[in-house]
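Chain by chain, the residues run as shown.
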Amino acid sequence: MNPYIAEIIGTGLLLLLGSGVVANMLLPKTKGHGGGIMEISTAWALAVYVGVVVAGPYSGAHLNPAVTIGLAVAGKFDWNLVPGYIGAEILGAMIGVGIAWLFYKDHYEATDDPGLKAAPFATSPAIRNLPLNFFSELVGTFVLILVILYNAGVKIGDATETPIGMGSLGAIPVAFLVWVIGLALGGTTGYAINPARDFGPRLMHSILPIKGKGSSDWEYSWVPILGPIAGAALAAGLFLVAGS
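Cut-offs and rules
All chains use their own residue numbering, which begins from 1 and follows the written sequence. Side-chain atom pairs in this predicted model are given and counted only at pLDDT of 80 or more, local residue features only at pLDDT of at least 70, and totals for whole chains, interfaces and linings cover all residues. Note that water and hydrogens are dropped before the side-chain values are worked out from all heavy atoms of the structure. To get the bend at a residue, fit one axis to the 7 residues ending there and another to the 7 starting there, then take the angle between the axes. Per the convention used, a helix needs a DSSP run of H or I reaching at least four residues, while a strand needs a run of E reaching at least two, with both numbered from the N terminus. Relative accessible area decides the class of each residue, using a 1.4 Å probe on protein chains only: under 20% of the type maximum gives buried, over 50% gives exposed, and in between gives partly exposed. Salt bridge, as used here: a side-chain nitrogen of Lys or Arg that lies within 4 Å of a carboxyl oxygen of Asp or Glu. Note on ring pairs: Phe, Tyr and Trp rings are taken, using the six-membered ring of Trp, and paired if centres are within 6.5 Å. Classes follow the plane angle, with under 30 degrees stacked, over 60 edge-to-face and the rest tilted. UniProt positions are given in the numbering used here, feature names are shortened, and annotations may be inferred rather than shown by experiment.

K.L.:
Tell me about helix α2 (residues 37-59), and name the residues and values.
P.N.:
Of all the bends in α2, the greatest reaches close to 40° and is centred on V53; the proline P57 follows between one and four positions later. Where α2 is concerned, the buried positions are I40, S41, W44, A45, A47, V48, G51, V52, A55, G56 and S59. Among the residues trailing α2, G60 stands out with phi positive, at a value near 90°.

K.L.:
Let's hear about the pattern of salt bridges: which residues, and what values?
P.N.:
Applying the stated rule across the entire model yields 3 salt bridges. We note a salt bridge from E109 to K105, for which the minimum N-O separation is 2.6 Å. For E109, a relative accessible area of 37% puts it in the partly exposed group. When its relative accessible area of 28% is taken as the criterion, K105 is described as partly exposed. Residue R202 pairs with D198 through a salt bridge whose shortest N-O separation is 2.7 Å. Of this pair, R202 and D198 both sit in helix α10 (residues 195-207), 4 residues apart, which is roughly one turn of the helix. Across the pair, D198 and R202 agree in class, each one buried.

K.L.:
Break down the packing of aromatic side chains for me, with residues and values.
P.N.:
The tally for this structure, following the rule as stated, stands at 8 aromatic pairs. Ring centres of F176 and W179 lie 5.8 Å apart, and the angle between their planes is 55°; on these two criteria the pair is classed as tilted. A residue pair is termed a helical-turn pair when its members lie 3 or 4 positions apart in one helix, as F176 and W179 do in helix α9 (residues 171-185) at 3 residues. One aromatic cluster in this structure is built from Y4, F77 and Y85.

K.L.:
Please set out the UniProt feature "transmembrane region" (unreviewed entry) in the chain residue by residue, giving values where relevant.
P.N.:
As recorded in UniProt, the feature "transmembrane region" (unreviewed entry) lies at residues 6-27, 39-61, 81-104, 134-152, 172-193 and 220-242. Secondary structure content for residues 81-104 is 92% helix and 0% strand, and the end C-alpha separation is 35 Å. Across residues 172-193, the secondary structure splits into 64% helix and 0% strand, with the terminal C-alpha atoms separated by 18 Å.

What follows is the structure, encoded as structure tokens:
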């Protein structure tokens, strides 16, 4: 599979399942209505597992511009490939969240709350304090990228080497990594830790004909974009200074 197609499909699956669990937990009249952070964090972690299983052998399963940029800063990924990977990740996120919206369309129309309609698309802070919200995204992404960097390229047993990315950490380990980040650090901003996961779906929220939708909150949108990029760069910097 072409690595760019792999990134589109992997990120699309990530957002289909990730947006899907938020819709299932929050939108009215679903079978899963009323769930909380444990269900959401677990499903997002398993969604990462699914994306990594599919894309890992072909692209390394970055599925996240912060991963792509962090690996490039650390010298583990070719900068010439970065724009194509990021474009594929954003496109995949838009496709995945669009399918999730169509899947739950009746339930979107069953609520008049614009906040609930927006939640499955993009993150928002529990308490709006932009400097601390930025810090939250930075720290969560820092943990993600640092662990990936210190395990990237490790082979277990007779496993064949995969391209550099979350796939080279392994689908199950990276799922546990995302799970603990969500449970421990996800309460403040919803832990985007992925610019494509937030920007692409936020753009789709603006574009799609969602009945009764409110603002896409573009005033906040820079936080889940720049926070993860800064966290990735800091993790890569520490990796380079401390040594691999």
